[in-house]
Amino acid sequence: MDLRGWLEQAVDWHERWAGGFGEYQPHPALDVGQERFAEAFGELTERLGGDNYPFFHPRYAGQMLKPPHPAAIAGYVAAMQINPNNHALDGGPATAELEKEVVAQLAAMFGLGTHLGHLTTSGTIANLEALFVARETHPGLGVAYSADSHYTHERMCHLLGVEGHPVPVDAAGRMDLTALEQLLATGRIGTVVLTAGTTGLGAVDPIHEALPLRERYGVRLHVDAAYGGFFALIADDSPDGVASAPWRAIAGCDSVVVDPHKHGLQPYGCGAVLFADPAVGRFYRHDSPYTYFTSDQLHLGEISLECSRSGASAAALWLTLRLLPLTDKGLGGVLRPGRRAALRWAELLAGSAHLAPYQRPELDIVAYLPRRATLSQVDEASEWLMRRGMTDSADPVYLATYAVTGQSLRERGHRVTADVPRGRILRSVLMKPEAEEYLDRLHGRVEELAAMCHVS
Ligand SMILES: *Cc1c(COP(=O)(O)O)cnc(C)c1O
């Protein structure tokens, strides 16, 4: 699709729509003039271009960052011109409807039948809401999450005044259920957070094996699928898919979070939280003297902690999913190439003289390390590769790092002497489908740099 043309159509459409309400004079205080705008805009684009990373390009293989789909941009711009606020139906009835539709699609992706849910500004807020509801359903009890879960859980427990309990992970970075069960036996835990795709390694906690613990210990199960949620679309046990069992088990959990601004091709400002039991809406009950007056129907602000929220986010996601639906062939077809790239890269790294894969990737995140004798050398070489890669103006490559311990390396069979408690290895999130085509060049370049690396 031609983004330039569709952006113009979005502006044309808005002009026609606005024109239907009759003439009025825009206030001169708002007029900035073409010339001054040109100068300021030039300054902005210069600053944006001068100090940024090329997230769009497959040579950027660092963090979980990539631009939105052009359809999301066009949908966002079209709606943003109205600037609807999805807090209440008074703020944007059309985008509130679009939000309810996309939330139902997300719920169906996880196999949730009845549900209550809404979009949020982020995965952080979505998880906060899930833990807030958990505190209300299980007052006075703690929350367990894996040691490799996102740091937000520990933080939000602190914020909510709930005790947080990290649970050790196994040699693949998944929650150790034996350790979890010991913790549950103490009777101090009310909620278990399971991560479907850890932010660091993309490890998937054994949600299907944790499911029986819900009845056995009366705990609530929350799934943090902020990063990995959309892998549900390719959870079919096929060679370029992912294991189906954990994803199928999400339908039996109490709540789940997914970030459309990560693998859902959306601009930032788009997370989602879904609850299996719509009755949890009662915990959000509040009264507002200034909103909720145009309709007796449910206003999204009545079931969310955030107040103002972009309706344009819902429009962008709705338009994207209209074109790339939540199916194997739709958005699933965007995830599979990255998954294949991750598997193949791990294989190439296993055959490398300079680098080694840290562990087998479960999703599309690859962690790897320079082959060195000690952890401090691994750390130093990783840092060098990361810096050298992105400062080479002729053929840059952008990688990220990930901190590990000597024990986590040992558990994965790496013979590295732990002369320091923690050290960095390299990490690449291959979340763009273009990563597959580009993989040989990416691997070749990282290999070349690794061969040049003599810092330690
Ligand atoms: C990214 C992420 C979060 C935080 O979400 P934001 O959208 O960055 O606020 C939480 N949990 C996991 C597993 C994540 O990957």
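The model shown is predicted, which means the values in this text are computed figures rather than measured ones. (Residues numbered from 1 in each chain as written. Predicted model: local features only at pLDDT ≥ 70, side-chain atom pairs only at ≥ 80, totals over all residues. Heavy atoms only, no water.)

1. A word on the packing of helix α5 (residues 123-137) against helix α6 (residues 152-160)
And step 1. Following both chains from N to C, one finds α5 and α6 inclined at 50°, their axes separated by 10 Å at the closest point. Taken together, the axis directions place α5 and α6 in an arrangement best described as oblique. Seen from above, α5 lies across α6 with right-handed handedness. Where α5 approaches α6, its residues Thr124, Asn127, Leu128, Leu131, Phe132 and Arg135 are matched on the opposing element by Thr152, His153, Met156, Cys157, Leu159 and Leu160.
And step 2. Among the residues forming the contact of α5 with α6, the class breakdown is seven nonpolar, four polar and one charged. (Axes fitted to C-alpha atoms, helices over the stretch in contact; angles between N-to-C directions. Helix = DSSP H or I, 4+ residues; strand = E, 2+ residues; numbered from the N terminus. Parallel < 35°, antiparallel > 145°, perpendicular 65-115°, else oblique. Left-handed = near helix turned anticlockwise from the far one by under 90°. Contact = heavy atoms within 4.5 Å. Nonpolar A, V, L, I, M, F, W, Y, C, P; charged D, E, K, R; others polar.)

2. Comments concerning the nonpolar core
And step 1. Formed by 58 residues in total, the largest nonpolar core has its most connected members in Leu106, Phe110, Leu119, Leu180, Val192 and Trp247.
And step 2. The residue makeup of this core includes at least three contributed by each of domain 1 (78-286 + 296-323) and domain 2 (334-452).
And step 3. Leu119 has contacts with Glu99, Val102, Val103, Leu106, Cys270, Gly271, Ala272, Arg309, Ala314 and Leu317, leaving out every residue within four places of it along the chain.
And step 4. Listed in part, the 25 residues of the second largest apolar core include Phe132, Val133, Val143 and Ile303. (Core = buried A, V, L, I, M, F, W, Y, C linked by side-chain atoms within 4.5 Å. Buried < 20%, exposed > 50% of the residue type's maximum accessible area, 1.4 Å probe, protein only. Domains from an automatic or database assignment.)

3. As for a nonpolar patch on the surface
And step 1. A surface patch of nonpolar side chains, amounting to about 460 Å² of accessible area, comprises Val32, Phe37, Phe41, Leu44 and Leu48.
And step 2. Relative to the helices and strands, Phe37 resides in helix α2 (residues 34-50). (Patch = residues over 30% accessible without salt bridge, like charges linked within 9 Å, V, L, I, M, F, W, Y side chains within 5 Å. Areas by Shrake-Rupley, 256 points an atom, 1.4 Å probe, with all protein chains shown as cover. Salt bridge = Lys/Arg side-chain N within 4 Å of Asp/Glu carboxyl O.)

4. Structural notes on the sheet that holds strand β10 (residues 365-370)
And step 1. What the five strands build is an open sheet, ordered β1-β11-β12-β10-β9; its pairing is mixed. With one partner strand each, in any of the chains shown, β1 (60-61) and β9 (355-357) form the two edges of the open sheet.
And step 2. Note that β10 and strand β12 (residues 422-429) share four bridges and pair antiparallel. Its bridge partner being in β12, Tyr368 is matched across the sheet by Leu426. (Pairing = 2+ DSSP bridges.)

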